[in-house]
Every structure is written in C-alpha cells, then in structure tokens.
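Chain by chain, the residues run as shown.
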Amino acid sequence: EAQVTQNPRYLITVTGKKLTVTCSQNMNHEYMSWYRQDPGLGLRQIYYSMNVEVTDKGDVPEGYKVSRKEKRNFPLILESPSPNQTSLYFCASSLSLGTDTQYFGPGTRLTVL
Amino acid sequence: AQKVTQAQTEISVVEKEDVTLDCVYETRDTTYYLFWYKQPPSGELVFLIRRNSFDEQNEISGRYSWNFQKSTSSFNFTITASQVVDSAVYFCAPTPYSGAGSYQLTFGKGTKLSVIP
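Treat the numbers as computed from the prediction; the structure is a model and nothing was measured.

Taken together, A:I12, A:V14 and A:L113 make up a surface patch of nonpolar side chains, about 320 Å² in accessible area. Among the secondary structure elements, A:I12 is positioned in strand β2 (residues 10–13).

Before going further, it helps to examine the pairing of strand β1 (residues 4–7) of chain A. Residues and elements named next belong to chain A. Only one face of β1 is buried: it carries V4 and Q6, and the other face, with T5 and N7, is open. The sheet contact formed by β1 and strand β3 (residues 19–25) spans four bridges and is antiparallel. For V4, the partnering residue across the bridge sits in β3 and is Q25.

Right, let's get into the sheet that holds β1(A). A sheet is described by the order of its strands in space; here four strands give the open sequence β1-β3-β8-β7 (chain A), paired in antiparallel fashion. Only two strands of the sheet have a single neighbouring strand rather than two, namely β1 and β7 (65–66) of chain A.

This part covers the packing of aromatic side chains. Taken as a whole and assessed by the stated rule, the structure comprises 18 aromatic pairs over all chains. Ring centres of A:F104 and B:Y37 lie 5.3 Å apart, and the angle between their planes is 85 degrees; this geometry places the pair in the edge-to-face category. Placement of A:F104 in strand β10 (residues 103–104) and of B:Y37 in strand β5 (residues 32–39) is noted, with the two residues assigned to different chains. In this structure A:F104 comes out as buried when scored by relative accessible area, which is 11%. Residue class for B:Y37 comes out buried when judged on its relative accessible area of 0%. Arranged with centres 5.9 Å apart and planes meeting at 65 degrees, the rings of B:Y37 and B:F47 form a pair that is edge-to-face. Placement of the pair is B:Y37 in strand β5 and B:F47 in strand β6 (residues 46–52), with a sequence separation of ten residues.

Further remarks concern the sheet that holds β5(B). Residues and elements named next belong to chain B. Here five strands make up an open sheet; going across it, the order is β2-β11-β10-β5-β6 and the pairing mixed. Whereas interior strands pair on both sides, the edge strands pair on one side only; in this sheet they are β2 (10–14) and β6. For this sheet the average axis-to-axis angle between neighbouring strands, irrespective of direction, equals 20 degrees.

We now examine the state of the cysteines. Counted by the stated rule, this structure contains two disulfides over all chains. Between the sulfur atoms of A:C23 and its disulfide partner A:C91 the distance amounts to 1.8 Å. Here A:C23 and A:C91 share a disulfide; its torsion about the S-S bond, -70 degrees, makes the bridge left-handed. Here A:C23, found in strand β3, pairs with A:C91, found in strand β9 (residues 87–94); they are 68 residues apart in sequence, far enough to count as distant. Take A:C23 and A:C91: they sit in the same class, and that class is buried. The disulfide partner of B:C23 is B:C92, and the S-S distance across this bridge is 1.9 Å. Residues B:C23 and B:C92 are joined through a disulfide that is left-handed, its torsion about the S-S bond being -60 degrees. On the criterion of sequence distance, the pair formed by B:C23 in the loop between β3 (19–21) and β4 (24–26) and B:C92 in strand β10 (residues 88–96) is long-range, its members being 69 residues apart. For the pair B:C23 and B:C92, a shared accessibility class is recorded, and that class is buried.

Each value, and the rule that gives it
- Residues numbered from 1 in each chain as written.
- Chains lettered and ligands numbered in written order.
- Predicted model: local features only at pLDDT ≥ 70, side-chain atom pairs only at ≥ 80, totals over all residues.
- Heavy atoms only, no water.
- Patch = residues over 30% accessible without salt bridge, like charges linked within 9 Å, V, L, I, M, F, W, Y side chains within 5 Å.
- Areas by Shrake-Rupley, 256 points an atom, 1.4 Å probe, with all protein chains shown as cover.
- Salt bridge = Lys/Arg side-chain N within 4 Å of Asp/Glu carboxyl O.
- Helix = DSSP H or I, 4+ residues; strand = E, 2+ residues; numbered from the N terminus.
- Buried < 20%, exposed > 50% of the residue type's maximum accessible area, 1.4 Å probe, protein only.
- Pairing = 2+ DSSP bridges.
- Phe/Tyr/Trp six-rings, centres within 6.5 Å; stacked < 30°, edge-to-face > 60°.
- Axes fitted to C-alpha atoms, helices over the stretch in contact; angles between N-to-C directions.
- Disulfide = S-S within 2.5 Å.

Right under this line is the structure:
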C-alpha cells in the first residue's frame, strides 16, 4: 500500500531535549517536505527536499533541521525544542515537482513542556 | 510568493444544503497549480483536486464541483447536497510552476465546514 508514515504519532517532551520525528514513504517520490499546523495559521512549510542530499528552507525553518540521506526517509530534528514548537506536524511526499499531488502522513502531535 | 485567502473561517449548513467554499489567491507566476485538500476530524489530509492555470474548465466530480476563474483569481469549491461526512476543514493551496528547484506549497488558513444533520 502506497503511504507516508510518521513516527511517533504523539510525543510529549520537555524543553531542550533533542528529538527526531521520522518520515518514510514507499512511493519512490523525489520530493518530500515538512509542515506544521497551528490553529488559525493553517499549514506552514518548514523544510523541503527535492532529492537525496538536497534540502531547502520553507517558511518557518527556525529551530528545525532535516536530512535526506536516503530517498525514502526525511527525518525532522528538533535539537533543542521549545514550547512554541508545540504543534501538529505533517510530512508529505510527491513524485517530482511541487506541482504534483502531495501525499501526507498521518501527522505527529508534539507537545513541548 | 503566493498569497491565498480563504475568507470564510467557519461555515455551518444543514444537511442536504449546497455550500460553496471560497478561495482567492495572489501570484505573480503565469503558470501555477491549484489544490484543494480536506482535513476531516480524524486529522489526516486528503487530496481532492489539482488544476493548472491553463485550464479554466469547471470540473464536477460527484457532489463536488470546482469553479476556476483566472480573471478574478478565484478557485471556489462547491459541495452539492451536503452530508455529515463532509464536515471537515478544507484547504486551498496554490503552487507556482517554476521549473526544477522551486517547490513551495502555500496553504490557505482553511475553512471549517460543519454539516448539521
């Protein structure tokens, strides 16, 4: 089954404790990206990747890191999480350009205390 | 950069009523794509439709229809005979086509639709 998976689905952590949210897709998609969703703000893009070892900043990259060492995986890293990073995070992938349909993961709800 | 406005924050309708969700976008790009996504209460994001800026034909898919008017920069979405299962947040998202190396999807803030039985 074609899908985008994220882990964990729910995470409660404390300020400053490094964490990684994994994202994996099995569709051989070149493009992957991360979004955060906050009430009243909709979805905002954090980072995106056009292929292995090629990443770029989206609208709200501060406080986040990403890596793309393999085509299927695109982890999101919070080196020192802060409460303002409490949010719902989505990973997405698409076949090639951003104009292709994006397929979203189920979301990761992160709470930073 | 694109800007997208979904002026309706929340809409409530009674089941079987028709409802139209508005989307107005601003872009300097001459070529772009427009998407609609649905987010039901369960939280996942579901793709509904993708259109390109060259094709202004309206589209109908079952109870869903889309009206794209380039002259007014609008890409509105109508649900006919709404059902409770249509209750969700709907996002409009324009994307420029800028060739390889540019990839940024801008989402509107969404319209929350509640269909009351």
